[in-house]
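So you can see what is in the structure, the chains are spelled out below.
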Amino acid sequence: MNETIVEHRAPEGKTQPPMFPLGLGELPLNDFQASVGETEWIANRVGKETKVRLLVSGGEMGAKEIGKLIKLLEAQRSVLSDDEDDDA
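Residues numbered from 1 in each chain as written. Predicted model: local features only at pLDDT ≥ 70, side-chain atom pairs only at ≥ 80, totals over all residues. Heavy atoms only, no water.

Q: Tell me what's going on with the pattern of salt bridges, and back it up with residues and numbers.
A: Per the counting criterion, the structure on display carries one salt bridge. Glu40 is paired through a salt bridge with Arg53; the nearest N and O atoms lie 2.6 Å apart. With Glu40 in strand E1 (residues 38-45) and Arg53 in strand E2 (residues 51-57), this pair connects stretches of sequence that are 13 residues apart. Arg53 gets classed as partly exposed once you look at its relative accessible area, which sits at 31%. (Salt bridge = Lys/Arg side-chain N within 4 Å of Asp/Glu carboxyl O. Helix = DSSP H or I, 4+ residues; strand = E, 2+ residues; numbered from the N terminus. Buried < 20%, exposed > 50% of the residue type's maximum accessible area, 1.4 Å probe, protein only.)

Now the structure itself:
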């Protein structure tokens, strides 16, 4: 890039990051209900204030599906660990 064109100057002071609606209305996240065809397969606390819910649709959870889910979670953990290492 050889040149930069500024079309609009950023507003002065602290700006708010963009917020994207989740489509949950005014419901707190813990009151979110599974959609039609979804089943809450597991719900657990994974931290002092962190909870996780796994919703399943389109079939049953078996050993093969759990294995794939574990691989996905391990990959996500690796990405997050890399991000933490970059911040250090």
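Q: Residue-level account of a nonpolar patch on the surface, with values.
A: The grouping of Trp41, Ile42, Ile66 and Ile70 at the surface amounts to a nonpolar patch, some 330 Å² of accessible area in total. Those elements that provide at least two residues to the nonpolar patch are E1 and helix H1 (63-87). (Patch = residues over 30% accessible without salt bridge, like charges linked within 9 Å, V, L, I, M, F, W, Y side chains within 5 Å. Areas by Shrake-Rupley, 256 points an atom, 1.4 Å probe, with all protein chains shown as cover.)

Structural measurements only, silent on function.
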